[in-house]
Amino acid sequence: MDGNKPSEMTLMLCIAKHNHFKKEGPKVSEISRYLGLTPPTVTQLINSLEAKNMVERQADSSDRRVVRVILSEQGKAVTRRAKAHMDTSLNKLVEYLGEEESNQLAELLLKVHAFAQENPPPDLDRLQLNGDDKLD
């Protein structure tokens, strides 16, 4: 949406959600933890979004060594449009499925989430693969 990669939109939505609960933006380490990404990956995404004027870095008000990430006005507008688009799509899905199947889907998704929390995927970067192994 709006020329941003899905990973960039996910990061902006994460920042928006964090700012909803707190007045200051999250730290890179917090974003990393929320999204399950490495800090260098988060930093690359922030650099890309900063170049597009979607996010800004700000010094923490209580500790000048800490850098927080906030949405720019343009980033807020894009995020609002993305949320509205997701809400519209979800409402269409609920209409299509009906109340009973929508409730079933919600229950199943909660189970999938609980399973994923209890069984995190392996760290693929640490797997030892020999030359005969192939990733599918």
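Just so you know, these numbers come straight off a predicted model, no measurement behind them. (Residues numbered from 1 in each chain as written. Predicted model: local features only at pLDDT ≥ 70, side-chain atom pairs only at ≥ 80, totals over all residues. Heavy atoms only, no water.)

Section: the nonpolar core
Convention followed: Within this scheme, the nonpolar core is defined by two criteria: the residues are buried Ala, Val, Leu, Ile, Met, Phe, Trp, Tyr or Cys, and they are joined through side-chain atoms within 4.5 Å. Each residue is placed in one exposure class: buried if its accessible area under a 1.4 Å probe, protein chains only, is under 20% of its type's maximum, exposed if it is over 50%, and partly exposed if it falls in between. Here a strand is any run of E in DSSP of at least two residues, a helix any run of H or I of at least four, and the numbering for each starts at the N terminus. Should any heavy atoms of two residues lie within 4.5 Å, those residues are considered in contact.
With 17 residues, the main nonpolar core has Leu11, Met12, Ile15, Ile31, Ile46 and Val55 as its most contacted residues. Of all the secondary-structure elements, those providing two or more residues to this core are α1 (6-21), α3 (39-51), β2 (67-71) and α4 (73-118). Discounting chain neighbours no more than four positions away, the residues touching Val55 are Met12, Ile15, Ile46, Leu49, Glu50, Val69, Ile70, Leu71 and Ser72.

What to know about the pairing of β2
What counts here: In this description, strands pair whenever DSSP reports at least two bridges between them.
Across the five residues that make up β2, a large majority, four, are buried. Relative to β2, strand β1 (residues 55-59) runs antiparallel, the two being bridged by five bridges. Bridging across to β2, Val55 finds its partner in Leu71.

Here's the deal with the side chain of Glu8
Inspection of the secondary structure assignment puts Glu8 in helix α1. On the accessibility criterion, Glu8 (0% relative accessible area) is buried.

Points about α3
What counts here: How far a helix is expected to stretch is found by multiplying one less than its residue total by 1.5 Å. Throughout, the arc means the angular range of directions from the helix axis out to the C-beta atoms.
Here α3 is 13 residues long and its end C-alpha atoms lie 18 Å apart, about the 18 Å a rise of 1.5 Å per residue gives. For α3, the full list of buried residues reads Val42, Leu45, Ile46 and Leu49. In an axial view of α3, the angular spread of the buried residues amounts to 100 degrees, which keeps them on one side of the axis. Opposite the buried face of α3, by more than 90 degrees, sit the exposed residues Pro40, Gln44 and Ala51. At the C-terminal side of α3, Asn53 shows a positive phi close to 60 degrees.

Focus: the pattern of salt bridges
Applied cut-off: Only one rule defines a salt bridge in this text: a Lys or Arg side-chain nitrogen within 4 Å of an Asp or Glu carboxyl oxygen.
For the structure on display, the rule yields seven salt bridges. For the salt bridge of Arg65 with Asp63, the shortest nitrogen-to-oxygen distance reads 3.0 Å. On the basis of relative accessibility, which here comes to 22%, the residue Asp63 falls in the partly exposed class. In this structure, Lys76 engages Glu73 in a salt bridge whose closest nitrogen and oxygen atoms are separated by 3.3 Å. Of this pair, Lys76 and Glu73 both sit in helix α4, separated by three residues, roughly a single helical turn. For Glu73, a relative accessible area of 57% corresponds to the exposed category. In this structure, a network of salt bridges that share partners links the residues Glu24, Glu30, Asp60 and Arg68.

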